Each structure stands twice: as structure tokens, then as C-alpha cells.
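# Descriptive structure summary
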Amino acid sequence: MHELGIAESALEMALTQATAAKATRVLSLVIRVGALSGVDPEALRFAFTAILPGTPAEGAAVQIDSVAALAYCPTCQRDFVPDTDHFFECPTCGQLCSTLKQGRELDLIRLEMT
Ligand SMILES: [Zn+2]
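Moving on: helix H2 (residues 41-51). When H2 is considered as a whole, its buried residues turn out to be Leu 44, Ala 47 and Phe 48. Burial along H2 is one-sided: seen end-on, the buried residues are contained in an arc of 100°. Exposed residues on H2 whose side chains face more than 90 degrees from its buried face are Glu 42, Thr 49 and Ala 50. The elements touched by buried residues of H2 are helix H1 (3-20), strand E1 (26-34) and strand E2 (61-67).

Reading across the sheet, the 3 strands line up as E4-E3-E7 and stay open at both edges, with antiparallel pairing between neighbours. If you trace the sheet from one side to the other, it starts and ends with strand E4 (78-80) and strand E7 (99-102), each paired once. Taking the axes of each pair of neighbouring strands and ignoring which way they run, one obtains an average angle of 40° across the sheet. The pairing of strand E3 (residues 70-73) with E4 spans 3 bridges and is antiparallel. Opposite Cys 73, over in E4, you have Arg 78 as the bridge partner.

Bringing the environment of Ile 64 into the picture now. Looking at the secondary structure, you find Ile 64 in strand E2. Note on Ile 64: 16 C-beta atoms within 10 Å, which makes it partly exposed. For the pair Ile 64 and Ala 47, spaced 17 residues apart in the sequence, the C-alpha separation amounts to 12 Å. Setting aside residues no more than four positions away along its own chain, Ile 64 makes contact with Ile 31, Val 33, Pro 41, Leu 44 and Arg 45.

Basis of the calculations
- Residues numbered from 1 in each chain as written.
- Predicted model: local features only at pLDDT ≥ 70, side-chain atom pairs only at ≥ 80, totals over all residues.
- Buried ≥ 20, exposed ≤ 12 C-beta atoms within 10 Å, placed from the backbone.
- Helix = DSSP H or I, 4+ residues; strand = E, 2+ residues; numbered from the N terminus.
- Arc of directions from axis to C-beta.
- Contact = placed C-beta atoms within 7 Å.
- Pairing = 2+ DSSP bridges.
- Axes fitted to C-alpha atoms, helices over the stretch in contact; angles between N-to-C directions.

Below you can see the structure in the form of C-alpha cells.
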């Protein structure tokens, strides 16, 4: 389960920012997770509950923001939701598209500290 490693690096990032801001406590974290990032949001949430105790982020609220996958078809000039993880086939013209507009995000997008 690589979610543990992801949670650890997100926590490290949060604590680095907190230190830089001279904050002593991290109150909440918001992580954006794309549908195609390969990360299971529930497993990630669970990983955070396992690693936060004993750190300045103990008790912090962890919010996982899921981002749906969205691909773009240049022929139809429209976005569509791909139904597989690997090939993005346009539902209108059937063309395989390689442009993914969103869905692979894995970012710490917001941090609240005091
Ligand atoms: Zn198309």
C-alpha cells in the first residue's frame, strides 16, 4: 500500500511549511487526488490517521478532494469522461485521445495551521 508513503511525504511537506510559517500546529490538510492517480482515497485517509499522532499535525482534519478524470478530444473539441485508465476513447467520434485534462492530481492543496 503506497498510500502510506504518499501520506508521509504530504505530512512532511505540511510540517516543512508549518515550520517556515513559524506555526506550531497543523489544523487541517486538504489533499487533491485524481481518479487516475492510482491512489485510493480511503486508504490515504486511513494512512493519515496512522501517522499523524505524535506529530504537530496530530488531530488535524484531513480532507481528500477527489478529482474526476477528464479527457479532451481535439476532433470534437470537447471534454469527456474516459471510461478506462489507459485509453481515452472519445464517446462521440471514437477516436483515441491522449490528452488528459485532469485526473492524475496528487497534491497538497490547502493547509491550515496556527
Ligand atoms: Zn471526438
